[in-house]
Amino acid sequence: MALLFHDIILDDMAFLAASQDMAALKQDAADLKIKLEKMYTNVSNALDTSAGREIQVTAKDVLLQPIEDLSIVIQHISDTLDTIIGSGYYKDIFVKYEELNG
């Protein structure tokens, strides 16, 4: 049986860059949601009929809910990155692993 060996490098600067990217992505998602809300409101107002009201309901479920769900995921990733940056969290895991296998 062949042993696989790879060095794992934990780089706080890379975690920090990822955290900043997540913050930008979160803002982009929020901006997109605002644009989509305005767009579907304009469309449903233009179609002041039962069909227009259906467009508004469908747009919320189809367009806005996925953006809201994505924002929750982005926030979770961002919170996780903020937790591990500078904490040695992952380093401690690998140290304990080496201790168990040492």
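On a predicted model such as this, the values are computed, not experimentally measured, just so you know. (Residues numbered from 1 in each chain as written. Predicted model: local features only at pLDDT ≥ 70, side-chain atom pairs only at ≥ 80, totals over all residues. Heavy atoms only, no water.)

*Asks:* Just checking my understanding: could you explain the overall build of the protein chain for this structure?
*Replies:* For the protein chain, the count of helices and strands is 3 helices and 0 strands. Taking all contacts inside the protein chain whose residues are at least 6 apart in sequence as the whole, residues at least 24 apart take part in 78%. Total accessible area on the protein chain is roughly 8000 Å²; 62% of this is exposed by carbon and sulfur atoms. (Helix = DSSP H or I, 4+ residues; strand = E, 2+ residues; numbered from the N terminus. Contact = heavy atoms within 4.5 Å. Areas by Shrake-Rupley, 256 points an atom, 1.4 Å probe, with all protein chains shown as cover.)

*Asks:* Hey, could you run me through the side chain of S19 in this one?
*Replies:* On the secondary structure map, S19 appears in helix α1 (residues 12-46). The residues contacting S19, other than those within four sequence positions of it, are L81, D82 and I85.

*Asks:* Is there a simple way to explain α1 in this structure?
*Replies:* The periodicity of an α-helix, 3.6 residues per turn, causes residues three or four places apart in sequence to face the same way. Look at α1: 51 Å from first C-alpha to last across 35 residues, which is about the 51 Å you get at 1.5 Å a residue. All of the buried residues along α1 are F15, S19, M22, A29, L36, Y40 and S44. (Expected span 1.5 Å × (residues − 1). Buried < 20%, exposed > 50% of the residue type's maximum accessible area, 1.4 Å probe, protein only.)

*Asks:* What should I look at first to understand the pattern of salt bridges in this one?
*Replies:* Pairs can form between side chains of opposite charge whenever their charged atoms are close. For the structure shown, the criterion picks out 2 salt bridges. Salt-bridge contacts for K33 lead to E37; the nearest nitrogen and oxygen are separated by 3.9 Å. Of the two residues, K33 and E37 both sit in helix α1, 4 residues apart, roughly one turn of that helix. Close ionic contact of K33 with E68 constitutes a salt bridge, the shortest N to O distance being 3.2 Å. A residue pair is termed long-range when its members are at least 10 positions apart, and K33 in helix α1 and E68 in helix α2 (residues 50-84) qualify at 35 residues. (Salt bridge = Lys/Arg side-chain N within 4 Å of Asp/Glu carboxyl O.)

*Asks:* Would you mind showing me how to read the confidence of the model for the protein chain here?
*Replies:* Low-pLDDT stretches of the model should not have their predicted coordinates read in fine detail. Across the protein chain, pLDDT averages 80, with 82% of residues at or above 70. The element-level mean pLDDT for the protein chain is lowest in helix α3 (residues 89-101), coming to 75, with α1 highest at 87. (pLDDT = per-residue confidence, 0-100.)

*Asks:* Before we go on, may I ask you to explain a nonpolar patch on the surface in this structure?
*Replies:* Together, L10, Y89, Y90, I93 and F94 make up a nonpolar patch on the protein surface, roughly 430 Å² of accessible area in all. Inspection of the secondary structure assignment puts Y89 in helix α3. Classification of Y89 as partly exposed rests on a relative accessible area of 45%. (Patch = residues over 30% accessible without salt bridge, like charges linked within 9 Å, V, L, I, M, F, W, Y side chains within 5 Å.)

*Asks:* Would you mind going over the environment of Q65 with me for this structure?
*Replies:* Topologically, Q65 is positioned in helix α2. Linking Q65 and K33, residues 32 residues apart in sequence, is a C-alpha distance of 9.2 Å.

*Asks:* Please explain the environment of D79 as it appears in this structure.
*Replies:* Mapped onto the elements of the fold, D79 is located in helix α2. Judged by its relative accessible area of 38%, D79 is partly exposed. For the pair D79 and S19, spaced 60 residues apart in the sequence, the C-alpha separation amounts to 8.5 Å.

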